[in-house]
Structures are given as C-alpha cells and as structure tokens.
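Chains, contacts and geometry: an overview
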Amino acid sequence: MPGITREEVAHLARLSRLELGAEELDHLATQLDDIIGAVARVGEVAADDIPPTSHPLPLTNVMRPDEIRPGLTPEQALAGAPAAEDQRFRVPRILGEEQ
Amino acid sequence: MSSTTDLMSYEDALASFDPVMGLEVHVELGTNTKMFCGCSTEFGGEPNSQVCPTCLGLPGALPVVNRTAVESAIRIGLALNCDIAEWCRFARKNYFYPDMPKNFQTSQYDEPIAFGGYLDVEVQGKTYRVGIERAHMEEDTGKSTHVGGATGRIHGADYSLLDYNRCGIPLIEIVTKPIEGAGELAPEIAKAYVAELRDLIKALGVSEARMELGQMRCDANLSLRPHGREKFGTRSETKNVNSLRSVERAIRFEIQRHATVLSEGGTIVQETRHFHEDDGTTTSGRVKEEAEDYRYFPEPDLVPVAPSREWVEELRATLPEKPSARRKRLQAEWGVSDFDMQSVVNAGAVDAIVDTVAAGADSDAARKWWLGELARNANERGVEVTALPITPAQVARVAALVKAGELNDKLARQVIEGVLAGEGDPDAVVEKRGLKVVSDEGALGTAIDEAIAAQAGAVAKIQAGNLGPVGALIGAVMKATRGQADAARVRELILEKLGVS
C-alpha cells in the first residue's frame, strides 16, 4: 500500500525550504496520502503486459539543430523578478553563518 | 581551516592504507547554443543577455535537445571505449538552490547515454587502465555573486545575485569506476587521467577543455581502507578542483587527512570538501545529501534519445587519432627519447611544437624554444605555454633566422623577448632592436685581433695544441660585439688566424 507519512512530508518540506507548522503538516500529510492513493489506483488496472511508461507518445529523438535563436533581453528577463540589482536576479540569503 | 601541522606524512599514510579514488569530470561542450534552448553560449556576455523562457524555467516553456550536444556526448563515449545506450532518457534532479531557476537540473540518472568504458593513462612509463562507469548529458548552472558578509562567500552573505547566461550550457559528466590498486601513485594517476581526458576532449574538438576557464572541472572522491581489506572506507568528495596540479595536490592532501583521522581512531564524514589553491588543503563543505533527496524522476518534457546504430557508427568514423597514439607517432617522427617526450607532454607543448614544425621549423629547434625560453617564460607568468602572446609561426620564424645564420641563440632569445613584450613579429623586433649577427668579417677580424693581442697566455697554449682556452678568446670577441657574432664562425676565424685549424 503506497502512502506518505507525516515525517516524509516534513522531510520534503525541508528539502523545498518550506516552513510548515504542525497543523499544516498534519493537514498536508493526510491530503497527500489521499492523492497518492488515488493515483496509485492507476497501477491496479495496469496488467503485466503494460510496462511502466514516462511518455505517453511513442516518440524518440526530437532534436534541434545547434543554431542560435533570439531569446529575451535582460530587461524582459528581469521584468518579472521580485528584485534585481546590477542586471542580475537578486535572491535572499542562501546559507547562514558557517557552523 | 584545518591545521596541517599534525598531518600524517604521505609515506606513513600509504604504509597503513590503500587509497581508492573516483573522479567525476564535467566538460562544458563548445556548442553554439545551450542544451535545451537556442540561447548563445558565448563567454563573457552582459549579465542575463543570453537567456530565454526555457533556460529561465518560465511557465509553459518546453526544452528541445541540441543535436550537436548529443553527437558530442556519443563521440566522447565512443572515444572512452563505452557502449552507447540504444535508448535513454533525461531525468529531473530536484534541488532547491537559485543557480537553477527551474529548481531542478535536467540530467540523466540511471540511463546514461554512454557506459562501461575505459581510458588508459601512462604514469612513470607504465600504463594504468582507468575504468569509465558512465558519461551522461546534463546542463550547467547560473553564476552566483554573493554580496555582503565577510569575504564574498556564500556563508553569511546578505543576499546573492544571479546571472543565468551559463545556465543550460551543455555539460557532459564523465564518472570513473573506483580506481583501485594505485597505491602511492594515486595522485599522479588522478592527474594523468584528467590530463589524458582533456587531450582527448580537445582532439575530439567538442570543447577547448580549458580548466582555467571552468570548461573542464574535476570532483575528486577519495577513501582509504587498511591494506588487505576489500570493503571501501567512507569517502569525501573534493569539489571543483580546477587545474591538473590541483587534482594531484587535492588527492595527496586527502590521503594524508583521512589517514590522520583514521589512525587516531576517528571516522571520516561523508561530505563535500573545498580545495584551497593557496595552501593545498581542503575544508569541510556540506554534508552530502543522499541521492534519493534529489527525487530523480524521468523528465516528462523531453522524449527519449534513441541513437540508431547507423548514427553511432557514423560518429565512430569521425573519431580522431587517440592522443596516446598521436604522441607515440610524434615521438618517432621527432626522434626523441621517452624522457624528452614526457618533458614535452608535461610542458603542455605538444600542439605548439606540431604547429611550429608545420610552420617550417625543424622539430629539434621547435622543441628547444618551446621547452626552454618559452616554458621558462610561461612559468614566470604562471600561464600555460600556449597562452603566451607568441604564435607557433613566430617561433618558426625565429628558428629560420637562426638556421640562416642571421641570429645566434642569444639574439634569438632577445627576439622572443621582444615578441612576448608586444613589439611585433620577429622581423620587426630584429629591425627595431638592431639584432643582427655581425657577419661583417672585417669588424669581426678587428675584434679577434684585439682578443688575441690581449690574451698572449691563452694564445701560447692554443698554439701548443691545447684548445681549451679558445673559449676565453671567443668570449672576449662575443663581448666586444655585444653578443651579435656567430660563435661558431668566431672559433673558426680564431683558429685560422693562429694557424691551428
């Protein structure tokens, strides 16, 4: 029986740098468990002759030539950024003081 | 910082322990565009001027694989004697860090494009076979600048600035199998492997593989086990070791550090470590995240890559001569000893000499200048010989002037000095500095007469059949002509005048 524990949700939250309170963890663990259970039902109808698949279309080798195509200007790229400085994306502190 | 004062000696470490290495080398491909979008990979552009919705991870953008990058990956795999996957996928490697705006790196996980190969390297005249576990395709990250805090480092910085121009540039990661049985040669084998791999990548023409520009970067894993034990010890991973010399130093330091910890009864923490160029030590980075924390899963936005066997064979036919075979061929062509050839390789001067010979110099002269004057100069400047501001054609011109007797070695060195100083081509330097061998026999004759008159004792000995003191006379003539005479000719003339020729 697949499922997800409260501890696993807390671990995922830490990896995603999400701060979740005790109540939120309870709430989300229950919800995610329901979602995983619902998705797992797909496995019940998959017979032995249906291999696990990551892509629904039988396509391979979709490639493009190595040719430069116009992208965004720096102004366009930064237009949606919450903060920018020196034509760069500005992000909050990543790590605290070294332990 | 870790202290080095109480570090066990390298010899003692090897007496007790057997090192096992694993090397991960990232090569930035020299394609025109990124791995999954058409943005330029040109180095040095304005910040965030080579970005698009795909490499910025904006909603709705879809990646498409660069065909040339796949070809390069296959060619690298083939050159490393790997099998090429008949079918493989990309995967998302999830991690939360702003150098990747998508919050995942598109990589390959359990289905690399190339696997199960080897690369032979030569160390101290012996061939050592390094097993290749895999070579897979992935993408580079953006460049972070950390602002505030004490030292511009990430720890304690107030905030960081991101330039995503590099984000998405194709990378090939080449991973060795555990390198066992290297013993005390471990640091040298690691260095030789990275050097051989770099030469191979350059020969393939898929990247310039310049380590100083970050086009090729090495992560060095090391563990120790007591002699006779099969099970590997806990490893450390030293990140971004970015020169051949650093690879050797980092492995050597880690061997000593591990041995010190282990012999004091301590345990090695599995972690990443940072290498410090200045003192050759490493310090603790972060505790290594477990692979499962990356939550790899197949990339749904990219369809599988399934290289046909015809395509693979077409690419195999494009492989260049192996660098090791090429070196053997050149050694035979130049007629030099193993030792001399090794000096050329160690100086990084193989290509420079080949190009100088192609420009008309004979190989002895080309070798002499690149390994002598130019290697010394490069060493003083702390750069590779090939980075010196002189071209093989210019070196060939200097050699031609020497051969024609218009320059002697001393003058030739001055010409090279002038070229390196930006004074122009060899002929321009000769002209500007007035560097010509004095071949006017009249002027030489006067200088020789003066030398003979001034050194009666030497002359007597020479005339008595002892040719030893001729050097003193030649020296005097060379001094009088400010080095601009042809020493061999001066000797001839002196002996002629003294009637002993």
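Residues numbered from 1 in each chain as written. Chains lettered and ligands numbered in written order. Predicted model: local features only at pLDDT ≥ 70, side-chain atom pairs only at ≥ 80, totals over all residues. Heavy atoms only, no water.

Regarding the overall build of chain B
Along its length, chain B carries 17 helices and 15 strands. The dimensions of chain B, computed from C-alpha atoms along their principal axes, are 90 × 55 × 50 Å. For chain B, the proportion of its 501 residues judged to be buried stands at 51%. For chain B, restricting intrachain contacts to residue pairs at least 6 apart in sequence, the fraction spanning at least 24 positions comes to 68%. For chain B, the exposed surface amounts to about 22500 Å²; the carbon and sulfur share of it is 49%. Both charge centroids of chain B, one from 56 positive and one from 74 negative side chains, sit 2 Å from each other. (Helix = DSSP H or I, 4+ residues; strand = E, 2+ residues; numbered from the N terminus. Buried < 20%, exposed > 50% of the residue type's maximum accessible area, 1.4 Å probe, protein only. Contact = heavy atoms within 4.5 Å. Areas by Shrake-Rupley, 256 points an atom, 1.4 Å probe, with all protein chains shown as cover. Lys, Arg positive; Asp, Glu negative; His and termini not counted. Charge placed at Lys NZ, Arg CZ, Asp CG, Glu CD.)

Comments concerning the environment of Ala250 of chain B
Residue and element names in this part refer to chain B. Along the chain, Ala250 falls in helix H4 (residues 244–263). The exposure class of Ala250 is buried, given its relative accessible area of 2%. Remark: the alpha-carbon pair of Ala250 and His276, spanning 26 residues in sequence, is separated by 8.6 Å. Setting aside its immediate chain neighbours within four residues, Ala250 contacts Thr238, Val241 and Phe275.

Points about the packing of aromatic side chains
Residues and elements named next belong to chain B. Under the counting rule described, the total for this entry stands at 4 aromatic pairs over all chains. On the basis of an interplanar angle of 10° and a centroid distance of 3.9 Å, the ring pair of Tyr109 and Tyr296 is categorised as stacked. Here the residue Tyr109 occupies a position in the loop between strand S5 (104–107) and strand S6 (114–123), and Tyr296 occupies one in the loop between strand S14 (282–287) and strand S15 (297–298), the gap between them amounting to 187 residues. Here Tyr109 falls in the partly exposed class, since its relative accessible area comes to 37%. Exposure remark for Tyr296: the relative accessible area of 23% places this residue in the partly exposed category. (Phe/Tyr/Trp six-rings, centres within 6.5 Å; stacked < 30°, edge-to-face > 60°.)

Let's talk about the side chain of Asp66 of chain A
On the secondary structure map, Asp66 of chain A appears in the loop between strand S1 (63–64) and helix H3 (74–78). No salt bridge is formed by the buried Asp66 of chain A; its nearest oppositely charged neighbour, Arg64 of chain A, is found at 5.0 Å. One polar contact links Asp66 of chain A to Thr33 of chain B, side chain to side chain, over a distance of 2.6 Å. At 3.0 Å, the side chain of Asp66 of chain A and the side chain of Asn66 of chain B are in polar contact. With residues near it in sequence (within four places) discarded, Asp66 of chain A still touches Thr31, Asn32, Thr33, Asn66 and Thr68 of chain B. (Salt bridge = Lys/Arg side-chain N within 4 Å of Asp/Glu carboxyl O. Polar contact = N/O pair within 3.5 Å; in protein donor to acceptor, adjacent residues only side chain to side chain.)

Description of unusual backbone geometry
Residue and element names in this part refer to chain A. Residues other than glycine seldom take positive phi values, yet Asp86 does so here, at roughly 50°. Tracing the chain through its elements places Asp86 in the loop between strand S2 (84–85) and strand S3 (88–92). In this structure, Gln87 is a non-glycine residue whose phi angle is positive, near 60°. Residue position: Gln87 is located in the loop between S2 and S3. Given a relative accessible area of 26%, Gln87 falls into the partly exposed group.

What to know about the interface of chain A and chain B
Facing 38 residues of chain A, the contacting portion of chain B comprises 58 residues. Overall, the association of chain A and chain B removes approximately 4000 Å² of surface from exposure, summing both partners, and the carbon and sulfur fraction of that is 57%. Applying the counting criterion to the chain A and chain B interface returns 0 salt bridges. At the level of secondary structure, the elements contributing two or more residues to the side of chain A that touches chain B comprise helix H1 (6–15), S1, H3 and S3 of chain A. The element best represented in the side of chain A that touches chain B is S3 of chain A, accounting for 5 residues. One ladder, built from 2 bridges, connects S1 of chain A with strand S2 (residues 65–66) of chain B; its direction is parallel. Considered in S2 of chain B, the bridge of Met63 of chain A is made with Val65 of chain B. (Buried area = accessible area lost by both parts, 1.4 Å probe. Pairing = 2+ DSSP bridges.)

Describing the pairing of strand S7 (residues 126–139) of chain B
Residue and element names in this part refer to chain B. Of all 14 residues that make up S7, 10 are buried, and the element is covered over most of its length. The loop that links S6 with its antiparallel partner S7 comprises 2 residues; one of these, Gln124, has a positive phi angle of about 50°. In the sheet, S7 pairs with strand S10 (residues 170–176) via 7 bridges, with the strands oriented antiparallel. When the bridges of S10 are listed, Ile132 appears paired with Thr176.

Topic: the pattern of salt bridges
Residues and elements named next belong to chain B. Under the defined criterion, the tally for this structure stands at 37 salt bridges over all chains. Between Asp18 and Arg225 there is a salt bridge; the shortest N-O distance is 3.0 Å. With a gap of 207 residues between them, Asp18 in strand S1 (residues 17–28) and Arg225 in strand S11 (residues 216–226) connect regions that are remote in the sequence. Across the pair, exposure class does not vary: Asp18 and Arg225 are buried alike. A salt bridge links Lys239 to Asp219, with the shortest nitrogen-to-oxygen separation between them at 3.3 Å. Taken together, the residues span a long stretch of sequence, with Lys239 in strand S12 (residues 236–241) and Asp219 in strand S11 at a distance of 20 residues.

A few points about a nonpolar patch on the surface
Residues and elements named next belong to chain A. Residues Leu32, Ile35, Val39, Val42 and Val45 make up a contiguous nonpolar surface patch of roughly 470 Å² in combined accessible area. Within the secondary structure, Val39 sits in helix H2 (residues 22–45). Relative accessible area serves as the criterion here: at 55%, Val39 is assigned to the exposed category. (Patch = residues over 30% accessible without salt bridge, like charges linked within 9 Å, V, L, I, M, F, W, Y side chains within 5 Å.)

What about the domain arrangement of chain B?
Residue and element names in this part refer to chain B. When the domains of chain B are assigned, the result is domain 1 (4–313), domain 2 (323–432) and domain 3 (441–497). Put simply, the middle of domain 1 and the middle of domain 2, counted by C-alpha atoms, are 34 Å apart. Of the roughly 490 Å² buried at the junction of domain 1 and domain 2 (both faces included), carbon and sulfur atoms supply 41%. One can count 3 salt bridges joining domain 1 with domain 2. (Domains from an automatic or database assignment.)

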